[in-house]
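Structural description and commentary
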Amino acid sequence: MSPKPKGFAKWIIVATVISATMLELIDTTIVNVALSQISGNLGATIEDASWVVTAYAIANVIVIPMTGFLASYFGRKNYYLASILIFTFSSYMCGNADGLWELVAWRFLQGVGGGALLSTSQAILFDTFEISERPIAAAIFGMGVIIGPTIGPTLGGMIVDNFHWSLIFDINVPVGIIAAFLVFNFIDKQPHEYNINRKAIKIDYIGIVLLVVWVGSLQYILEKGQSEDWFAAKHIIVLTIAAVVSFILFIWWELTTDSPAVNLQVLKNRTLAITTLLTFIMGMGMYCSMFVYPVWMQRVMGFTPTLTGESLFPGAIVAAIMMPIVGKQIQRGVPPKFLITFGFFSFAVFCFWMSTASAEAGVMFFFLPLLLRGFGAAMLSVPLTNQAVSGLTPMEMPQGIAINNMLRQLGGSFGIAFMNTYVARQYSVHRVQLLNYVTSDNPIAMERLNQTAGAVAAKGVNALDAHQVGLSLLDNVVTRQAYVLTYLDAFRIVGIFFILVLPVMLLVKKNNVSAAAMKEAAEHAH
């Protein structure tokens, strides 16, 4: 077993892998706020420009479950370094793309490179710390997982408000170059990474193809379902059939072949199976809240993307402070299931708290619930990351880490798809309900209309035009109130969801991993 890095070298590795993790996760959300600028600059529709987001997400989720196999085949350091270089070069090409589909192609390749940065960063980070310090490693990794998606829209908003959208991608280049330099010089190869006999490694081509078809189809459906009106579109139906069939075949093939690309046998471990389910749920909750909150602040409160992102910083700071503390508590023997339960409960309280907001609520109303969200995120992320590898054999840990990360990303995709659909349909329901009150026989509505029209007419506008302006302003009031009611419902339903999943914690058992097993795991982690 190679010795653990100490002192400066150790913390250089920590900084490197966390930077790589945050780069990957920031890029999952940073582009969202720039789609209007991208579409306008490249002469495309918003619908077509959204492929910039979809292409990255599809490539990302396809690669994540294969990271264990790819690291074994190429060597972990080689694979990690190559992925950073691919991510960095693709970022440069994205920033210099002249057309939308050129940008989409490079964005897909960026997602291929970024897919390795989550699981491989986590494995390297775990391998850098002593066995007794694993919960601290989980806390440090969790900081990147929580902070990355949080600051993505903020950074994107600041760039869009003040610079050209291409800087969203160009900013990755110097960070990627520095990360590649540090990986090359400070991260050592494990003994088994030398003289890899690749001829003896059987490549599971069938499993890889089935994985690509399944995850690619599923991710497309989740990303595009609402805008394509779900099953009203024939290609969504075709892709749904393809996703279901390829998923069934993938599960069957990976469980029966001798050399699977994704070793699903690790899910026989009850703790990992339950943890991945909880990680999936956590991903849904985190991404749902990050979907609803920004649109509330911008559509209802009138905040800019920059101000919206800045309002999230206090919660992110709380999460960053709490994660090492939570890691220490696990290190001292506090059962992870208690922390996870408290984390889900905190998220539920956050959601119910947010569901009491009004359109007139000041920014300070959101300060405390967002702090609570950051607290809950720390209570969830660290124990789940640590719990995922408990009870696994050394050779199973890399695959367990990859599957756990994939489920978090898929959970986020499911959460956003559900919330996107729910908001669109619930808005229509509330708008129709409110319009039932805006009628000629409603004296309150007519009084509001006459007051508005009178105010406009007083400025010299003729009576007919003033009446039309009054109707338009009244419609704006209805629209805004419909969105208010919709987002309050959205927070409420997510809160109910978190409460309903709490009984799942009864299935989690505490697994104590022996020091010998963890030492061996450090040697074989990929």
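Up top you'll find the structure we're talking about.
This write-up is about the structure you can find in this document.

Definitions and limits used
- Residues numbered from 1 in each chain as written.
- Predicted model: local features only at pLDDT ≥ 70, side-chain atom pairs only at ≥ 80, totals over all residues.
- Heavy atoms only, no water.
- Salt bridge = Lys/Arg side-chain N within 4 Å of Asp/Glu carboxyl O.
- Helix = DSSP H or I, 4+ residues; strand = E, 2+ residues; numbered from the N terminus.
- Buried < 20%, exposed > 50% of the residue type's maximum accessible area, 1.4 Å probe, protein only.
- Core = buried A, V, L, I, M, F, W, Y, C linked by side-chain atoms within 4.5 Å.
- Axes fitted to C-alpha atoms, helices over the stretch in contact; angles between N-to-C directions.
- Parallel < 35°, antiparallel > 145°, perpendicular 65-115°, else oblique.
- Left-handed = near helix turned anticlockwise from the far one by under 90°.
- Contact = heavy atoms within 4.5 Å.
- Nonpolar A, V, L, I, M, F, W, Y, C, P; charged D, E, K, R; others polar.

**Describing the pattern of salt bridges**
- With the rule as written, the count across this model stands at one salt bridge.
- Its salt-bridge partner being Arg 492, residue Asp 489 comes within 2.8 Å of it at the nearest N-O pair. Separated by three residues within a single helix, Asp 489 and Arg 492 lie in helix α19 (residues 463-501), roughly one turn from each other.
- Residue classification places Asp 489 among the buried residues on the basis of a relative accessible area of 16%.

**Points about the nonpolar core**
- One finds Leu 278, Trp 296, Phe 344 and Phe 366 to be the most contacted residues of the largest nonpolar core, which totals 48 residues.
- If you list the elements that add at least two residues to this core, you get α13 (270-300), α15 (336-354), α16 (367-389), α17 (397-435) and α19.
- Per-element accounting of this core gives the leading share, 12 residues, to α13.
- One finds Leu 23, Leu 100, Leu 117 and Val 160 within the second-largest nonpolar core, a separate group that totals 42 residues.

**Remarks on the packing of helix α6 (residues 76-95) against helix α10 (residues 172-186)**
- Between α6 and α10, whose axes approach to 9 Å, the crossing angle comes to 165°. Between α6 and α10, the crossing angle belongs to the class labelled roughly antiparallel. Seen along the crossing, α6 lies across α10 with a hand that is left-handed. Where α6 abuts α10, its residues Lys 77, Tyr 80, Leu 81, Ile 84, Leu 85, Phe 87, Thr 88, Ser 91 and Tyr 92 lie against Asn 172, Val 173, Gly 176, Ile 177, Ala 179, Ala 180, Val 183 and Phe 184.
- Of the residues contributing to the contact of α6 with α10, the split by class is 12 nonpolar, four polar and one charged.

**Points about the side chain of Ser 246**
- Structurally, the position occupied by Ser 246 is in helix α12 (residues 234-256).
- Classification of Ser 246 as buried rests on a relative accessible area of 4%.
- In contact with Ser 246, other than residues within four places in its own chain, are Leu 210, Val 213 and Trp 214.

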